[in-house]
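Examination of the molecular architecture
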Amino acid sequence: MQTSTDIGELRGILDRFRRQGATIGFVPTMGNLHAGHISLIEQSVKQCDFTVASIFVNPLQFAAGEDFDTYPRTLADDQIKLAEAGCDLLFTPTAEQLYPRGLEAHTKVIVPEVTRHHCGAHRAGHFDGVSTVVSILLNIVQPTVAFFGEKDFQQVAVIRKLVADLLLPVKIVSGATMREADGLAMSSRNQYLSAEHRPMAAGLYQTLQHIAGRISAGEKNFLQLQTEGLAELAQKGFRTEYLNIVRADTLEVASERDGDIVVLVAARLGQTRLIDNIRITRSHDKPFQG
Ligand code: PAF
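Here's what I pulled together on the structure shown here. (Residues numbered from 1 in each chain as written. Predicted model: local features only at pLDDT ≥ 70, side-chain atom pairs only at ≥ 80, totals over all residues. Heavy atoms only, no water.)

It is worth spelling out the sheet that holds strand β2 (residues 24-29) at this point. Across the sheet, 6 strands lie side by side as β1-β4-β3-β2-β5-β6; this open sheet has parallel pairing. Only two strands of the sheet have a single partner each, and these edge strands are β1 (2-4) and β6 (171-175). On average, each strand axis in the sheet is inclined to that of its neighbour by 25°, with strand direction left out of account. In this structure, strand β5 (residues 145-149) lies alongside β6, joined through 5 bridges in parallel fashion. In the sheet register, A146 faces β6, and the bridge partner there is I172. (Pairing = 2+ DSSP bridges. Helix = DSSP H or I, 4+ residues; strand = E, 2+ residues; numbered from the N terminus. Axes fitted to C-alpha atoms, helices over the stretch in contact; angles between N-to-C directions.)

Okay, structure coming up:
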């Protein structure tokens, strides 16, 4: 696997493959790769002729006081994992290359509506930073398909809207959340958990499963479910930012008539912020009687 830090060099390599009619798969990441990232690489390797990954800890998507400085950077390990998974090319740009006039002066891409709630309401400017860097990276790589993990469910929705609204010629594919043996969603931030908090963290997904089970069993009072879920998380030691039962397409509040629902959660254990989600698809066999 080749690593390139140069935009011109990367474009040259990819142009040659494109001219030969090769399809290009792209997995943008911030590094510190785990099985979730690697499963996206494997999907790309299966579906595309040539696979590109990027590692860039994007300063624009971190607010002041967030973990930009401490975000784990493990390039040498990541290169080994990517090569083993069959990645063809790794792109590791610097902030100076992507934002040559600095963060403030750089043009921003702002996706409305789908960014209003959930993480968008709790992390000021986060999705503007994600949309901007993803737009830049998609313009550099010009992939046939780009792959994103479903743990960041709202991020996938934002990127789908960005690509649809700007008519970008790329297919977006999302990959299932990979989990530790106890159910905790894999995340680079899990290593921030203390020895005391790590076993407690599995309780987040258990609460989501509990709520999903109740919805699947026909519970219609979503507000009540949210209230119970919040109480359950508090009792397990979490400080919950949000626990929302929403439509999977718009991420707006779900009603009992909706068939494709996702429960989104962000909660803290100590200083560690965890996000997760669970999706419930229901077919309404019986006509709704309201
Ligand atoms: O999900 C991530 O790792 C990042 O938000 C992304 C998509 C690579 C943009 O920096």
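Every residue close to the ligand is listed here: P28, T29, M30, N58, Q61, V133, F148 and Q155. Against a free-state accessible area of 290 Å², the protein chains account for coverage of 88% of the ligand. (Near = heavy atom within 4 Å. Areas by Shrake-Rupley, 256 points an atom, 1.4 Å probe, with all protein chains shown as cover.)

Counting across every chain of the model gives 16 salt bridges. A salt bridge links D182 to R198, with the shortest nitrogen-to-oxygen separation between them at 2.8 Å. You can see D182 sitting in the loop between β6 and α8 (197-201) and its partner R198 sitting in helix α8, a full 16 residues away along the chain. Owing to a relative accessible area of 26%, R198 belongs among the partly exposed residues under this scheme. Residue R247 pairs with D258 through a salt bridge whose shortest N-O separation is 3.0 Å. Taken as a pair, R247 in strand β7 (residues 239-247) and D258 in the loop between β7 and β8 (260-269) lie far apart in primary sequence, 11 residues in all. (Salt bridge = Lys/Arg side-chain N within 4 Å of Asp/Glu carboxyl O. Buried < 20%, exposed > 50% of the residue type's maximum accessible area, 1.4 Å probe, protein only.)

Going through the model one piece at a time under the given rule, you end up with 4 aromatic pairs. Taken together, a centroid distance of 6.3 Å and an interplanar angle of 50° make the contact between F56 and Y99 tilted. Note that F56 is positioned in the loop between β3 (50-55) and α3 (75-85) and Y99 in the loop between α4 (95-98) and α5 (119-122), a separation of 43 residues in sequence. An aromatic cluster is present here, built from F62, F68 and Y71 joined pairwise through their rings. Note that R73 overlies the ring of F68, its terminal NZ or CZ placed 4.9 Å from the centroid. Its guanidinium or amino end placed over the ring of Y205, R179 lies 3.4 Å from that ring's centre, counting from NZ or CZ. (Phe/Tyr/Trp six-rings, centres within 6.5 Å; stacked < 30°, edge-to-face > 60°. Lys NZ or Arg CZ within 6 Å of the ring centre and 35° of its normal.)

What follows deals with the packing of helix α1 (residues 7-19) against helix α6 (residues 126-141). Helices that pack against each other are described as a pair by the angle of their axes relative to one another and the distance between those axes. Between α1 and α6, whose axes approach to 9 Å, the crossing angle comes to 55°. In terms of orientation, α1 lies oblique with respect to α6. Across the interface between the two elements, I7, L10, R11, L14 and R18 from α1 touch N139, I140 and V141 from α6. Its residues assigned to classes, the contact of α1 with α6 shows 5 nonpolar, 1 polar and 2 charged. (Parallel < 35°, antiparallel > 145°, perpendicular 65-115°, else oblique. Contact = heavy atoms within 4.5 Å. Nonpolar A, V, L, I, M, F, W, Y, C, P; charged D, E, K, R; others polar.)

This brings us to the sheet that holds strand β9 (residues 272-281). In space, the 3 strands of this open sheet follow the order β7-β8-β9, with antiparallel pairing throughout. Of all the strands in the sheet, the pair left with one neighbour each is β7 and β9. In this sheet, adjacent strand axes meet at a mean angle of 10° when their direction is disregarded. Looking at chain direction, β7 and β8 are connected through 8 bridges and run antiparallel. What sits directly across from N244, in β8, is L264.

With that settled, the discussion passes to the nonpolar core. One finds L14, V52, L98, V134 and V141 to be the most contacted residues of the largest nonpolar core, which totals 45 residues. Sorting elements by how many residues they give to this core places α6 first, with 9 residues. Those residues in contact with V141 that sit more than four places away from it in its chain are L10, L14, R18, I24, F26 and V52. (Core = buried A, V, L, I, M, F, W, Y, C linked by side-chain atoms within 4.5 Å.)

Its 14 residues give helix α10 (residues 222-235) an end-to-end C-alpha distance of 20 Å, which sits within 8% of 20 Å, the value for a rise of 1.5 Å per residue. Among all positions in α10, only F222, L225, Q226, G229 and L233 are buried. Each buried residue of α10 lies within a common arc of 100° when the element is viewed along its axis, so the set occupies one face. Opposite its buried face, α10 presents the exposed residues L223 and Q235, each directed more than 90 degrees away. (Expected span 1.5 Å × (residues − 1). Arc of directions from axis to C-beta.)

With that settled, consider α6. Look at α6: 22 Å from first C-alpha to last across 16 residues, which is about the 22 Å you get at 1.5 Å a residue. Most of α6 sits inside the fold, with 14 of its 16 residues counted as buried. Looking one or two residues past α6, Q142 carries a phi angle of roughly 45°, positive in sign.

All right, on to unusual backbone geometry then. The backbone phi angle of L167 is positive, close to 50°, even though this residue is not glycine. Phi at L251 takes a positive value of approximately 65°, unusual for a residue other than glycine. Residue placement: L251 occurs in the loop between β7 and β8. Taking the relative accessible area as the measure of exposure, L251 reaches 2% and is therefore buried.

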